[in-house]
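# Examining the three-dimensional arrangement
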Amino acid sequence: ADELAMCQRYYQKGSGMYSGPCTNPQTYRTRVEYHTEMRAAATIVATSDIVSSFPATAPSLRNNKVTGFEAYKACNVTAFTSYYMFNYTADAEL
């Protein structure tokens, strides 16, 4: 477990999602917390997975810290039930 946590300080894979109502063209964000604190702010690559009422593109990213980051997207249809899901890799190699 300790060895895994040490490795996760350099590289992690995961997923995130937003779920709830949306109003076109408002932006909706979600916070992703890493499993283990990264050794430095990571380079993040996100890819879109499943969407409803949002464009099928990867989310934009901001507030990248050693503990996690925020992903956000603008809704393109007003809907009571909407969501976007995405996968990411976080790389903090030397």
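Attention in this report is confined to the structure presented alongside it. As the structure is a computational prediction, the values presented were derived from the model and not from experiment.

Bringing the sheet that holds strand β5 (residues 68-74) into the picture now. Strand order in the open sheet formed by three strands is β2-β5-β4, and the pairing between neighbours is antiparallel. Since the sheet does not close on itself, it has two edges, and those belong to β2 (27-33) and β4 (60-65), each with one partner. Sheet twist, expressed as the mean angle between neighbouring strand axes with direction ignored, is 20°. The pairing of β2 with β5 spans seven bridges and is classified as antiparallel. Looking across to β5, one finds that Arg29 is bridged to Tyr72.

Glancing now at the side chain of Gln8. Summarising the element assignment, Gln8 is placed in helix α1 (residues 2-8). Filtering out sequence-adjacent residues up to four positions away, Gln8 remains in contact with His35, Thr36 and Met38.

Turning our eyes to something else, we now look at the sheet that holds strand β6 (residues 79-91). The strand order across the open sheet built from three strands is β1-β6-β3, with neighbouring strands paired in antiparallel fashion. Either end of the sheet is taken by a strand with one partner, and the two such strands are β1 (11-22) and β3 (43-52). Here the strands of the sheet are splayed against their neighbours by 20° on average, with no regard to which way each runs. Of the pairings in the sheet, the one linking β3 to β6 comprises nine bridges and is antiparallel in character. Bridge pairing in β6 links Thr47 to Asn87.

Mapped onto the elements, Pro25 comes out in the loop between β1 and β2. Residue classification places Pro25 among the exposed residues on the basis of a relative accessible area of 58%. Sequence spacing of Pro25 and Asp49 is 24 residues, and the spatial spacing of their C-alpha atoms is 20 Å. For Pro25, the residues in contact, after removing those within four places along its chain, are Ala74 and Cys75.

Here the focus is the packing of aromatic side chains. Summed over all chains, the structure comprises nine aromatic pairs. Ring centres of Tyr34 and Tyr88 lie 6.4 Å apart, and the angle between their planes is 55°; on these two criteria the pair is classed as tilted. One end of the pair, Tyr34, is in the loop between β2 and β3; the other, Tyr88, is in strand β6, with 54 residues separating them in the sequence. Note on Tyr88: relative accessible area 4%, which makes it buried. Centre to centre, the rings of Phe54 and Tyr84 are 4.9 Å apart; their planes meet at 70°, and the pair counts as edge-to-face.

Conventions used here
Residues numbered from 1 in each chain as written. Predicted model: local features only at pLDDT ≥ 70, side-chain atom pairs only at ≥ 80, totals over all residues. Heavy atoms only, no water. Pairing = 2+ DSSP bridges. Helix = DSSP H or I, 4+ residues; strand = E, 2+ residues; numbered from the N terminus. Axes fitted to C-alpha atoms, helices over the stretch in contact; angles between N-to-C directions. Contact = heavy atoms within 4.5 Å. Buried < 20%, exposed > 50% of the residue type's maximum accessible area, 1.4 Å probe, protein only. Phe/Tyr/Trp six-rings, centres within 6.5 Å; stacked < 30°, edge-to-face > 60°.

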